[in-house]
Amino acid sequence: MQAEIAALRARQNAVEDLQGNRNLPVYLLSELVRQLPDGVYINSMKQDNQTVLMTGVAQSNERVSELLRNLANNSPWLTKPELVEITASTLALTPRDQRRVSNFSMRVGLKRASDPKAASSAAANSASAVPVVLAKPASAASSAAKI
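About the thresholds
- Residues numbered from 1 in each chain as written.
- Predicted model: local features only at pLDDT ≥ 70, side-chain atom pairs only at ≥ 80, totals over all residues.
- Heavy atoms only, no water.
- Helix = DSSP H or I, 4+ residues; strand = E, 2+ residues; numbered from the N terminus.
- Buried < 20%, exposed > 50% of the residue type's maximum accessible area, 1.4 Å probe, protein only.
- Contact = heavy atoms within 4.5 Å.
- Areas by Shrake-Rupley, 256 points an atom, 1.4 Å probe, with all protein chains shown as cover.
- Pairing = 2+ DSSP bridges.
- Salt bridge = Lys/Arg side-chain N within 4 Å of Asp/Glu carboxyl O.
- Core = buried A, V, L, I, M, F, W, Y, C linked by side-chain atoms within 4.5 Å.
- Polar contact = N/O pair within 3.5 Å; in protein donor to acceptor, adjacent residues only side chain to side chain.

Engineer: Would you explain the overall build of the chain in this entry?
Structural biologist: Check the secondary structure of the chain and you find 5 helices and 4 strands. Ordered by position from N to C terminus, the α and β elements of the chain give α-α-β-β-α-β-β-α-α. When each of the 147 residues of the chain is scored for burial, the buried share is 29%. A separation threshold of at least 6 residues defines the contact pool for the chain, and within that pool the share at least 24 residues apart is 64%. By element, 52% of the accessible surface of the chain is carried by carbon and sulfur atoms, the whole surface being about 9,500 Å².

Written as structure tokens, this is what we have:
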């Protein structure tokens, strides 16, 4: 009898975890919209458990460090941002107009919605959030194809 009760509790906990993490991608994208500084563009994101690997292009190294600071200090859903790599390259907007950009990749951890501290503070912040659409300017879209 106790084995059945333990199995039912384990199933209940598994369902509660799935329900709590169901909206995590929405929180991730919403938080990135708030924390992304001007001049920084995300090319790709890949989630592996509670870690997200992001690659992108920034106008300068300073913009990348501003993003790292924003994610470390101002985000209730993201934690422990870590710069994996940053490289300088030249982006050709036109044959005569070339710009120096910084290609970067970073790793950031996700706080689970089931964490009581994260859920309470993040829910308060998300309730006042204004929906925003992530979009790449035309120049960044062409640069992503060339890089």
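Engineer: Even after reading the chapter, I still don't get the pairing of strand 3 (residues 78-92), so can you show me in this structure?
Structural biologist: Pairing between strand 3 and strand 4 (residues 98-110): 12 bridges, direction antiparallel. From the neighbouring strand, Ser89 faces strand 4, where its bridge partner is Val101. Linking strand 3 to strand 4, which pair antiparallel, is a turn of 5 residues.

Engineer: Quick question: what am I supposed to make of the side chain of Ser105 here?
Structural biologist: Mapped onto the elements of the fold, Ser105 is located in strand 4. Among residues more than four places away in sequence, those in contact with Ser105 are Met54, Thr55, Leu83, Val84 and Glu85.

Engineer: Even after reading the chapter, I still don't get the pattern of salt bridges, so can you show me in this structure?
Structural biologist: For side chains of opposite charge, pairing can occur when their charged atoms come near one another. One pass over the full model with this rule turns up 3 salt bridges. Across the salt bridge formed by Glu82 and Arg107, the nearest N and O atoms sit 3.4 Å from each other. Highlighted residues: Glu82 in strand 3 and Arg107 in strand 4, separated in sequence by 25 residues. By relative accessible area, which is 32% here, Arg107 ends up partly exposed.

Engineer: Hey, could you run me through the nonpolar core in this one?
Structural biologist: Most often, soluble globular proteins keep nonpolar side chains buried together rather than apart. Met54, Leu67, Leu71, Leu78, Phe104 and Met106 are the most contacted members of the largest nonpolar core, which has 19 residues in total. At the level of secondary structure, the elements contributing two or more residues to this core comprise helix 2 (24-35), strand 1 (40-48), strand 2 (51-58), helix 3 (61-73) and strand 4.

Engineer: Sorry if this is basic, but what is going on with the environment of Arg63 here?
Structural biologist: Relative to the assigned elements, Arg63 resides in helix 3. For the pair Arg63 and Asp38, spaced 25 residues apart in sequence, the C-alpha separation works out to 7.7 Å. Discounting chain neighbours no more than four positions away, the residues touching Arg63 are Pro37, Asp38, Gly39, Val40 and Ala58. Within the structure, the side chain of Arg63 is placed 2.4 Å from the backbone oxygen of Asp38, a separation counted as a polar contact. Looking at Arg63, its side chain comes within polar contact range of the side chain of Gln59, at 3.5 Å.

Don't take any of this as a statement about function, it's just geometry.
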